[in-house]
Amino acid sequence: MTRPTLADRLARVAAPDRDHERGPREELRDGPTGVELTLPGLVARVSCLPLLRRDGTQAVRVALHAERAPGPVRVEVDGAEALVEGGAGRTRTLIFVPAVDAPRPAHVSLDVDGQHAEATLELRPQRRWQVHLVHQSHLDIGYTDPQHLVLDHHLRYLDAALDLAAATDDWPEPARFRWNVEATWPLERWLAVRPRAAREELLRRVREGRVEVCALPYSMHTEAYSIDELARTLRFADALRDEHGVEIVTAMQTDVPGAVPGLATLLAAAGIRYLAVAHNYAGRSVPYLHGGQDLRRPFWWRTAAGTRLLVWMTDSPHGIAYMEGNLLGLAESADVAEELLPEYLAALAEQPYPYSARHDWLGLLPDFEVTRRPYAHDVLHLRVQSVIADNAPPSLGPAEVVRDWNERWAAPELRVATNREFFELAEARLGDELDEWEGDWTDWWADGIGSAARAVGANRRAQGAVRTAQTLHALADRLAEEEPGWRAEADRTYEAMGLFDEHTWGSANPWADALEHYDSGALQWERKIGFGHEAYDRAHALRDAGAERLAHVFAPPAAAVASVLVVNGAGRPRSDVVRVFVPATRVGGEWSLDLAGPDGERVPFVLEPQPDARHRPEGRWLSFLARDVPACGWARYDFARGEGPDEDERGSEPVLDDGVLRCEVDVEQGVVSSLLDLASGRELVDGTRAFGFNGYVYDRYATAARFNHLSGRVPEGARWLLGSRSLAGHGTVVRRTSNPVWDELTVRLVADGCAFLESSYRLVRDTGRLDVANRLQKLPTAEKESVYFTFPFALDGARVEWEVTGGVAGNGHPRIPGSAPHMRAIRHWALLSDAQGAAAWAALEAPLVQLGTIHLPYRPFPATVPEGVAGDATIVSWAMNNLWDTNFPPEQGGETVFRYAVAPAAGRADAVVLAGALATPLAAVTLAGRSGADARARGSLLALDRPDVELVHLAPSRRGHDLVAFLHSQAEEPVDVEVAFGDLRVARVHVGTFLERDLRETGPRVRLEPGALVSLSLDLEGA
C-alpha cells in the first residue's frame, strides 16, 4: 500500500471525527499483512488470520481491490477455493484450510478475465488468542458537560450496570455483562444516596466478580499532587475494604500519558497489585520518539523500595487509547468485529504497530525509525466503551458481541472481563518473562498545569498549609486534651485539592460559553477554579483555627505585655523568619515594645502596618528571625515595654549582604548578576549565559488560537513556530530596605505580556538563603504564549536532580521509556552539583521546569537556544502558558506571584530543607491573654535525626491508636531514622503503611525505603 500524501491527509481535516474513526478500520479492511498478487486493475492481499472454526480449519483472508468491476475472481489457496463476484472497490472473503501445527508453504493462485497470478503463502499455526474486553466509561469530570451533569450521568451508569448485569445472568459465562468502575469518585457519591437494596446489590455484584471497583477516584495529573494528597485519594478504596470486605487489587489511570513514581509506591503499599493505563497521545505527545518503543506490555513497574506493580498499557494510535476495542467493532456487532479483530490480531503479532499511521493523527510527522517488536503474547487486554466518547454509558453491546462471536468461532476466544481477571491470568502465564522498569514516567500533558498559574499557585500553597494545619490541631489535641472534630474539614480540604488537580481542567472547547455539552467552557472553568480556591481557603482557615486553639492553650508570663507562639511542624529544629499578625487589643494599642526569645535574649524585629486598615482588623504585622524552634514543637517569644523596632534604612546600592551571602542585582535587566557564598568564596550565578538569573523570557508562537486539538494537526515543530521572544528590561528600583531582619531590593521592569513586572530579592539575615518573588500583572490573550524565569548556575558539568511526587528524578536517575524529556513538573526542590560544590533551588507556585534550554512546545520539542549558550546548569521555570487547544484554559491574566529560593548546599538534605522553608514555613500566633495554662517557653513532641526524611504531618489515628506521624523519605538509599519523643510519653510505636495497615511494633529507630510514605502509630501512656 502507498502512504497517503500530505494533500490526502489534509483533505480529511474538514471531517476529523469521521477520519478519527475510519482511518484504522480502513487499514485493517485493506489487509495489513500477507502476500500481494497483482493483475491489471486488481490487487489481492492474502494472509493467514488467527481465526479458527470448530471443524479444525483456519482462515485465510483474501482482500481484493479493483479499479473497475472485473468478472468473477477465482482464488485458490492450497486446494481450497472461492469464487468472488468482484466489483469496483474493495471485496473481502475468507477461505478455510485445515489448521496446521507447523509452518509450511501453500500455493495461492488468482484468476480473473483470463488472467492469472500466483504466489506462495506461508501457512502458520495461529495463536489461540484470549481477548479480554474491559468495559468501562472514562470519567472526565467536565469536558463533555458541566461537572454536575457528568456526576449525575455516572451515578445513573452505576444504576444501568446493575440492570445490565441482571439481564445477562443466564447468558454464557464469558458473555455476561461485567463493568469496571474506572474511578471511585462517582461510586462514593452513589453509595451515599442510593437505597440499601441497591447498595447491597452492587456489593454482591462486586463480590461475584461482575463489577470491579478500581482504586483511584479519578485520573490525575499526578505531578500536581503532594505525596499526602495523592495518598488521600486511596482512602475511600481502603474504607470499602474495611466496611464491606471489598478486596480492591487493580487501579486504572486513563487519558493522562504518564505518572510519578509515587503513584506506584502508594498503590503497592495499599495492596494494589495491578495498574491498567491508557495513554492518550492526542496533542503533542510523542513517546515513541523517546524510547517508548522499548516499553513492551505488560511490564513490571518497580519502585525504589523494591515493590512492583504489573502494568498494562493500552498503546493505541490516534489518541483514543481507552477506546481501542471500539475501533475493532467490539461494541457494535460480531459481523463488524469479524472484519476487523482478526486483522488487528494478525498485525499485532507480525508488525511493530497494527496500523501504519501509528500514533499520528494525520500522518504529519516525518517517518521515524521503527524499532518496536511485535506483541509477543496470546492474552490481550482491550478497553471498550459503548461508543467512542468520554463519559460514555454502559451498554449490552460488548456482551452481545462476545456471545455471538463465541458461538461462531473456536478462536480467538472473547470474554467480557474485569481488569483483575486479565491481570491474574497474565501474571500466572507471563510474570517471569516480563520486562521490569523503574523511575518516573513523566507526563506529556504536564505542561497544561501552567495554563492556570494563579489557581495552581493557590492550590500548591494549600498543600503546604493543610500539612501545617493538621499538625497544629494534633498538637492542640494533645495539649488541650480535646478534639473538636476538625478532621472532617481536613478531608474536605484534601478533596477540593484533589478535584482541582485531577486531569479534566475544562470543556472540549474551553473558550466557549454554552450551558451544556462541549462548549460549556466558561461554566466548567468557573467550577474547576473554584476547587483550587476552595482548597486554599479551607487549608488556611484550618491552619488559622489550629493556631488559635494553641493561642488559648499557652499562657504568656506575668511580666509580658503579650506573647507570640512559633510552631515548627518539621521533624528537625528550624531557624527562619516568622510573620504574624499582632492584634492591637493584645498589646493595649501600644507599639513601643521589645521582643525577647525563649531564653530571654533580645530579638530584633520589624513591625509593618495593617494595609487598608479601615477594612481589616486593627493591629500590625510582626516579623522576626525565630532561632532553633524545636522539632515538631514550639517556642514562645514575649513582648515587653521598650523602645520599639529599629527604623528601616533606605539604601541605594543594588547590593544585598546578610553576612552569609552577597547578592548583586543588575537593575536595568532586573536580574541577579552575582550571588556569592561568603564562607567559601564561591560564585553561584553564571552571568555569561543567554538569559539572566531570574530573567524574564516571554515567547509567542505562530499557531492559531481556538482550534480544537490544533497541536495534533501541526506538522513537525520547527523553530519558525517560535514567533517572537523578548526579555524584560528598563528596570527601576522601587524599594530598597535594610533592617535587622532582612536586606531587600525590588525592581520594576517593562515586560511584554504584562502590565507590570516587579522582581524582589531578599536576604533574611543569617539564613544563607536568597528569596525571590516575581509579581506580575499578566495581560490575558488567546494567542499562544509562554512565560519563563531562568536561573543559570555557575556549575561545570552539573549533575541535576529534582523532587517529584514520591521520588526524585534527574540526569542519571532511572525513567520509564517514553517519558517526556523536555520538561518536568516538580514538587518544590532541585539540586545542582559538580566537583566543587552544590546549589539548591526551590519553587513555590510554579511546578514546571526545563533544564539547560527552552524547548519549543510543539513536537518533537527542539531546543530554541543553541547548545551551550543557555548552560547545562540552567533551570528554567516555565511559569505560564496557554498552549492547549482543548480542556485547559485558553488564556490567563491578572496579578500573580511566583516565589523561589536559592542557597548553597552540601547535598540533597539541604535542598529538602530549602523547599520546606518555602512550602511549609513556620507558623505563629499571638497568645490570647491569660486563658492558657501551659507556661513552657519551648517544647517538642518528636524529632527526626535525618533532614532528608520529612515529618509530613501529625494526625489522629484511624486504627485506634492515639496519634499518627507520617514520615516520607527523600533519601537516595534506604535509611534508618531515629525518632526522639520529647514531651510525648509514648508507650508503644507501630510502623505501617500510610493507611496504617501492616502495623508492626518497633523501637525508636525506623527503616524507610526511598520514596516511602509510612505511618508511625503511637500509643501514649495514660491515654
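Residues numbered from 1 in each chain as written. Predicted model: local features only at pLDDT ≥ 70, side-chain atom pairs only at ≥ 80, totals over all residues. Heavy atoms only, no water.

**Points about the overall build of the chain**
Looking only at helices and strands, the chain features 16 helices and 54 strands. In summary, the chain has a C-alpha radius of gyration of 32 Å against a globular reference of 31 Å for 1023 residues, a match within 12%. With respect to the three principal axes, the spread of C-alpha positions in the chain is 115 × 65 × 55 Å. Within the chain, residue pairs in contact and separated by at least 24 positions form 75% of the contacts whose partners lie at least 6 positions apart. For the chain, the accessible area works out to roughly 36,200 Å², and carbon and sulfur atoms hold 48% of it. (Helix = DSSP H or I, 4+ residues; strand = E, 2+ residues; numbered from the N terminus. Rg over C-alpha atoms; globule rule 2.2 N^0.38 Å. Contact = heavy atoms within 4.5 Å. Areas by Shrake-Rupley, 256 points an atom, 1.4 Å probe, with all protein chains shown as cover.)

**Remarks on the packing of helix α3 (residues 147-167) against helix α5 (residues 196-207)**
At a minimum axis distance of 11 Å, the contact between α3 and α5 shows a crossing angle of 60°. Considering their axes alone, α3 and α5 lie oblique with respect to each other. Of the two possible hands of crossing, α3 and α5 adopt the one that is left-handed. Between α3 and α5, the residues in contact are Leu158, Leu162, Ala165 and Ala166 and Ala198, Glu201, Leu202 and Arg205, respectively. Of the residues assigned to the contact of α3 with α5, the class counts are six nonpolar, no polar and two charged. (Axes fitted to C-alpha atoms, helices over the stretch in contact; angles between N-to-C directions. Parallel < 35°, antiparallel > 145°, perpendicular 65-115°, else oblique. Left-handed = near helix turned anticlockwise from the far one by under 90°. Nonpolar A, V, L, I, M, F, W, Y, C, P; charged D, E, K, R; others polar.)

**So, helix α8 (residues 261-269)**
Of all nine residues in α8, eight are buried, a share of seventy percent or more. Three or more residues of α8 are buried, namely Pro261, Gly262, Leu263, Ala264, Thr265, Leu266, Leu267 and Ala268. Of the residues flanking the end of α8, it is Gly271, one or two places downstream, whose phi is positive at about 85°. (Buried < 20%, exposed > 50% of the residue type's maximum accessible area, 1.4 Å probe, protein only.)

**Some points on the pairing of strand β12 (residues 250-255)**
Regular strands have side chains that alternate between both faces of the sheet. Along β12, six of the six residues are buried, which leaves the element largely enclosed by surrounding structure. Sheet topology places β12 next to strand β13 (residues 274-279); six bridges connect them, and they run parallel. When the sheet's bridge partners are listed, Thr254 is paired in β13 with Ala278. For the crossover from β12 across α8 to β13, the handedness is right-handed. (Pairing = 2+ DSSP bridges. Right-handed = clockwise from strand over helix to strand, strands pointing away.)

**Considerations on the nonpolar core**
One finds Leu187, Trp190, Leu267, Trp301 and Trp441 to be the most contacted residues of the largest nonpolar core, which totals 105 residues. With eight residues, α3 is the largest single contributor of residues to this core. Those residues in contact with Leu187 that lie beyond four places of it in its chain are Leu158, Val181, Leu202, Val213, Phe236 and Leu240. (Core = buried A, V, L, I, M, F, W, Y, C linked by side-chain atoms within 4.5 Å.)

**Considerations on the environment of Leu414**
Along the chain, Leu414 falls in strand β17 (residues 413-417). Exposure remark for Leu414: the relative accessible area of 0% places this residue in the buried category. For the pair Leu414 and Gly982, spaced 568 residues apart in the sequence, the C-alpha separation amounts to 62 Å. Look past the residues within four positions of Leu414 in its chain and what remains in contact with it is Val131, Leu133, Pro174, Leu330, Leu341, Val401, Val402, Trp405 and Asn406.

**A closer look at the confidence of the model for the chain**
The predicted coordinates of low-pLDDT regions are not to be read in fine detail. Per-residue confidence for the chain gives a mean pLDDT of 92, with 96% of residues at or over 70. Overall, residues 1-22 carries pLDDT values under 50, and its contacts beyond four positions in sequence, including any with other chains, amount to 26 contacts. (pLDDT = per-residue confidence, 0-100.)

**Looking at the packing of aromatic side chains**
Tallying each qualifying case throughout the model produces 32 aromatic pairs. Between Phe177 and Trp179, the aromatic rings sit 6.1 Å apart at their centres with planes inclined by 10°, giving stacked as the arrangement. Trp179 sits in the buried class, given a relative accessible area of 4%. A connected cluster of aromatic rings, assembled from ring pairs, spans Phe693, Tyr696, Phe789, Phe791, Phe793, Trp841, Phe898 and Tyr900. Sitting over the ring of Phe96, Arg53 keeps its end group 3.7 Å from the ring centre. (Phe/Tyr/Trp six-rings, centres within 6.5 Å; stacked < 30°, edge-to-face > 60°. Lys NZ or Arg CZ within 6 Å of the ring centre and 35° of its normal.)

**Let's talk about the pattern of salt bridges**
Applying the stated rule across the entire model yields 84 salt bridges. With a closest N to O distance of 2.4 Å, Glu783 and Arg700 form a salt bridge. With Glu783 in the loop between β35 (770-778) and β36 (785-792) and Arg700 in strand β30 (residues 695-701), this residue pair connects regions lying 83 residues apart in the sequence. Its relative accessible area of 46% is what places Glu783 among the partly exposed residues. When the shortest N-O distance is used, the salt bridge between Glu758 and Arg748 registers 2.9 Å. Here Glu758 is found in strand β34 (residues 754-764), whereas its partner Arg748 is found in strand β33 (residues 742-750), with 10 residues between them in sequence. Residue Glu758 is classed as buried on the basis of its relative accessible area, which comes to 15%. Salt bridges linked by common partners bring Asp238, Arg241, Asp242, Arg958, Arg959 and Arg997 together as one network. (Salt bridge = Lys/Arg side-chain N within 4 Å of Asp/Glu carboxyl O.)

**A look at the side chain of Glu182**
Residue position: Glu182 is located in the loop between β10 (179-181) and α4 (184-193). Side chain to side chain, Glu182 and Thr254 meet in a polar contact 2.9 Å long. (Polar contact = N/O pair within 3.5 Å; in protein donor to acceptor, adjacent residues only side chain to side chain.)

**Observations concerning the sheet that holds β30**
Taking strand neighbours across the sheet as the criterion, the six strands line up as β31-β30-β36-β43-β42-β39 in an open arrangement whose pairing is antiparallel. What marks the edges here is a single partner per strand, and that holds for β31 (722-727) and β39 (824-825). For β36 and strand β43 (residues 874-881), the ladder comprises seven bridges, and the chain directions are antiparallel. Its bridge partner being in β43, Val787 is matched across the sheet by Met880.

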